[in-house]
Amino acid sequence: MFYREAGQFKTTYAADMAVFPVLQDRIGFGAILAVAYLVLPFASEFLLHVVMIPFLIFSLAAIGLNILTGYTGLLSLGTGAFMGIGAFACYKLTSIFPNVNIIVWVIASGFFAAAVGVLFGLPSLRIKGFYLAVATLAAQFFLQWCFIRIPWLYNYNSSGSIEVPERTLFGIPITGPTATASSRYLVVLAIVAVMTWIASNLVRGRIGRSWMAVRDMDIAAELMGIRLLQTKLVAFAVSSFYCGVAGALLMFLWYGGGESGVFDINQSFFVLFMVIIGGLGSLIGSFMGAALIYTLPIVLRATPAALGVPLRSETVDHLTFMTVGVLIIGFLVLEPMGLARLWQITKQKLRVWPFPY
Amino acid sequence: MPGPSPVNILYQVFIDPFVQMGTAPDLFVQTIWEGFVTGVLYSLIALGFVLIFKASGVFNFAQGIMVVFSALTLVGLHQHGLPAFAALGLTIVIMYGLAFGVERLVLRPLVNQPDIILFMATFGLTYFLIGLGELMFGGEPKTMIADQLYLPKGAIDLHILGGLVSLQKLDITGAVIALVMVAGLGVFFQKTRIGRALRAVADSHRAALSVGISLEQIWVIVWFAAGIVALATGVMWGARSDVSFALQIIALKALPVLILGGFTSIPGAIVGGVVIGIGEKIGEFYWGPLLGSGIESWLAYVIALIFLLFRPQGLFGERIIERI
């Protein structure tokens, strides 16, 4: 009733292939974009810095991993390291060429991550499943070691960490200590929006379809004439590109500097959680998963204090761990296909309401 | 030292380490022994993985945490005033409870889901166990109650090869316990009724069900066995260093061992562990200084990756046959 497409006729092929074929979707999406662009920049510094910016950045990383794991079926535990490549590449590039706009370098750093991703994706042709997951751990630990052991990467800083310089866009600082949260937020939002749009078209097109064919059964896909090596490597490249850009954004527009420890194995697991909880093979799921997994610990940690229960901070930490674990298991038991599936069910319910089917 | 010319680098990579090995054989033997001992501990963690993977097809990420959790429970119970062996008994009971709970609350509702979902569920279990363990017994590092469990101390010094090789008695005990456990598991798998059922389940869930084997029961047994292995590992590891959640990172080392040995092979886990342990220590000791230290953190994965490129199913894994 609320979500009924009756009467919306598609008279052209273009209309049939639109990203949002249903009017209600278009209205809803427009409303979300309007709020994101027109209302949220005026929200409090805290909300933007603590919630919105990391949420968008992790969504981007989750999209990256989803392309690899959800769409192509290659399990990867190296996301953190690929994000690190992006951050360090961006740092080196902007140190060497300080006059070029930082946005250019954020995007360019994705290409470095993509190149490294392809390199570590090469074994994927021979090894599959969990064996491949462990192989990507080699990337994770090797790259993490490089981030610490190669001082050239962090410009021989004595602290051994990235120190983000101030860079401007149209004269307004967007990185460094003087940048306001709203300007950083707008930049992140723009990049994430554009890259999501590109991803949505990629996964619907020829490349995305060949990814999904490989995911469903790679031998059958090969028999149908899909080149496995090419398809898998493209998936690794695109996925690492997204992760790399996310890593550069994370370091430059959120953390504003930090050590390579940010890109450790836990970061990889964190993004993997978002993908699984959000829903494998779904872009909107990536956003939902990122929102849930990122905010869950924050909310849980704040809950005892908000309820006025006096607990020591360590106890709260431990309880948070336990609750997150239980919720993950519980969620998987309730809906193994993730939040994206729940969203689909909801839409169907809205379509037929008030009738049961 | 001469400058870094290509010849020099080649010399340092390909000749110098072997010269060192030749000139100081005692040091070489000592390094191999250290690697062997670490490798045995890796093997034990990998063994827990293999048991569960064989019987239920679940890639149990929580195995490393189960090691820490069981060791922590043992020490924690002892600190609360239980005698050492009573604590050991109670820990075994708790591990059984854990196996039972996991089967009932995690595996059974998720039966027939894709592998990756089950993998994620064991992640949830990992988080839960970390939180629970620290909540009950505190997060600070603890000392294993090695004396109370009558584990031997001290070292045996062997005067061989013109030098001194020192073997910790504890390490020898660890190796012996590992051997006994593997042999025990071997007998259990081959000779007992439950063992046969386990092998049947590992072969095919559906066929096992159709001849009347209870999957639920088998899973509890397997997770319990993995819990016992975890406890033994935790005791040995805890006696070598402290009991803390830092062990968790070391437990990740069991993963390259697994891919080296194959996910489904118990001898593979043992051989893989020893190969990785020795390779890692020798690499770190002889080639590590060339690259800057700390190559231990990734060398194991790279060794495993190289092996995988030649044998995608691991050294001892069953041949992967794919059909359309």
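Remember, it's a predicted structure, so these values are computed and weren't measured experimentally.

Helix and strand counts for chain A come out as 14 helices and 2 strands. Taken over C-alpha atoms, the radius of gyration comes to 21 Å for chain A, in line with the 21 Å a tight globule of 357 residues would show. Here the C-alpha coordinates of chain A stretch approximately 65 × 60 × 45 Å along the principal axes. A buried classification covers 45% of the 357 residues belonging to chain A. Long-range pairs, those at least 24 residues apart, make up 76% of the contacts in chain A with a sequence separation of at least 6.

The helix and strand inventory of chain B stands at 13 helices and 2 strands. Out of the 324 residues in chain B, the part that is buried amounts to 45%. Pairs at least 24 residues apart make up 74% of the contacts formed inside chain B by residues separated by at least 6 positions.

Another point: the interface of chain B and chain A. Opposite the 39 residues of chain B that make contact, chain A presents 32 residues. Of all the elements in the fold, those that place two or more residues in the side of chain B that touches chain A are helix H5 (115-137), helix H11 (254-261) and helix H13 (296-310) of chain B. Top element by residues in the side of chain B that touches chain A is H5(B). It accounts for 15 residues. In terms of residue class, the side of chain B that touches chain A is built from 29 nonpolar, 8 polar and 2 charged.

Below, the discussion takes up the environment of B:Ala197. Residues and elements named next belong to chain B. Of note, Ala-197 is situated in helix H7 (residues 193-203). On the basis of neighbour counts, which here come to 20 C-beta atoms within 10 Å, the residue Ala-197 falls in the buried class. Sequence-wise, Ala-197 and Ala-239 are 42 residues apart; in three dimensions their C-alpha atoms are separated by 35 Å. Those residues in contact with Ala-197, other than ones at most four positions away along the chain, are Ile-213 and Ile-218.

In this model, helix H5 (residues 102-121) of chain A (20 residues) spans 28 Å end to end at C-alpha, consistent with the 28 Å of a helix rising 1.5 Å per residue. Looking at the buried side of H5(A), the elements it contacts are helix H4 (79-96), helix H6 (129-149), helix H7 (181-204) and helix H10 (228-255) of chain A.

Turning our attention to the environment of A:Trp343. All names here are of chain A. For Trp-343, the position within the fold is in helix H14 (residues 339-352). A C-alpha to C-alpha distance of 45 Å links Trp-343 and Phe-97, two positions 246 residues apart in sequence. The residues touching Trp-343, leaving out its near neighbours within four places in the chain, are Ile-284 and Met-288.

All names here are of chain B. Packing of helix H6 (residues 169-191) against helix H9 (residues 215-240) leaves a shortest axis separation of 10 Å and a crossing angle of 170°. Taken together, the axis directions place H6 and H9 in an arrangement best described as roughly antiparallel. Each of Leu-170, Gly-174, Ile-177 and Met-181 in H6 lies in contact with H9, whose residues at this interface are Val-229, Ala-232, Met-236, Ala-239 and Arg-240. By residue class, the composition of the contact of H6 with H9 is 7 nonpolar, 1 polar and 1 charged.

Positionally, B:Leu258 belongs in helix H11. Its 32 C-beta neighbours within 10 Å are what place B:Leu258 among the buried residues. Placed 208 residues apart in sequence, B:Leu258 and B:Val50 show a C-alpha to C-alpha distance of 7.7 Å. Leave out the neighbours within four places in its chain, and B:Leu258 touches A:Val134, B:Ala46, B:Phe49, B:Phe263, B:Ala269 and B:Gly272.

What follows concerns the packing of helix H2 (residues 25-56) of chain B against H6(B). Think of two packed helices as two axes; the pair is described by the angle between the axes and how far apart they sit. Residues and elements named next belong to chain B. Contact geometry for H2 and H6: axes closest at 10 Å, N-to-C directions at 35°. Handedness of the crossing formed by H2 with H6: left-handed. On the side of H2, the interface is formed by Val-37, Val-40, Leu-41, Ser-43 and Leu-44, while H6 contributes Asp-171, Gly-174, Ala-175 and Ala-178. Within the contact of H2 with H6, the residues separate by chemical class into 6 nonpolar, 2 polar and 1 charged.

What follows deals with the confidence of the model for chain B. Residue and element names in this part refer to chain B. For chain B, mean pLDDT is 79; residues scoring 70 or higher make up 85% of the total. Mean pLDDT values for the elements of chain B range from 66 in strand S1 (residues 155-160) up to 86 in helix H4 (residues 84-107). Listed scores for the predicted complex are pTM 0.86 and ipTM 0.81.

Calculation notes
Residues numbered from 1 in each chain as written. Chains lettered and ligands numbered in written order. Predicted model: local features only at pLDDT ≥ 70, side-chain atom pairs only at ≥ 80, totals over all residues. Helix = DSSP H or I, 4+ residues; strand = E, 2+ residues; numbered from the N terminus. Rg over C-alpha atoms; globule rule 2.2 N^0.38 Å. Buried ≥ 20, exposed ≤ 12 C-beta atoms within 10 Å, placed from the backbone. Contact = placed C-beta atoms within 7 Å. Nonpolar A, V, L, I, M, F, W, Y, C, P; charged D, E, K, R; others polar. Expected span 1.5 Å × (residues − 1). Axes fitted to C-alpha atoms, helices over the stretch in contact; angles between N-to-C directions. Parallel < 35°, antiparallel > 145°, perpendicular 65-115°, else oblique. Left-handed = near helix turned anticlockwise from the far one by under 90°. pLDDT = per-residue confidence, 0-100.

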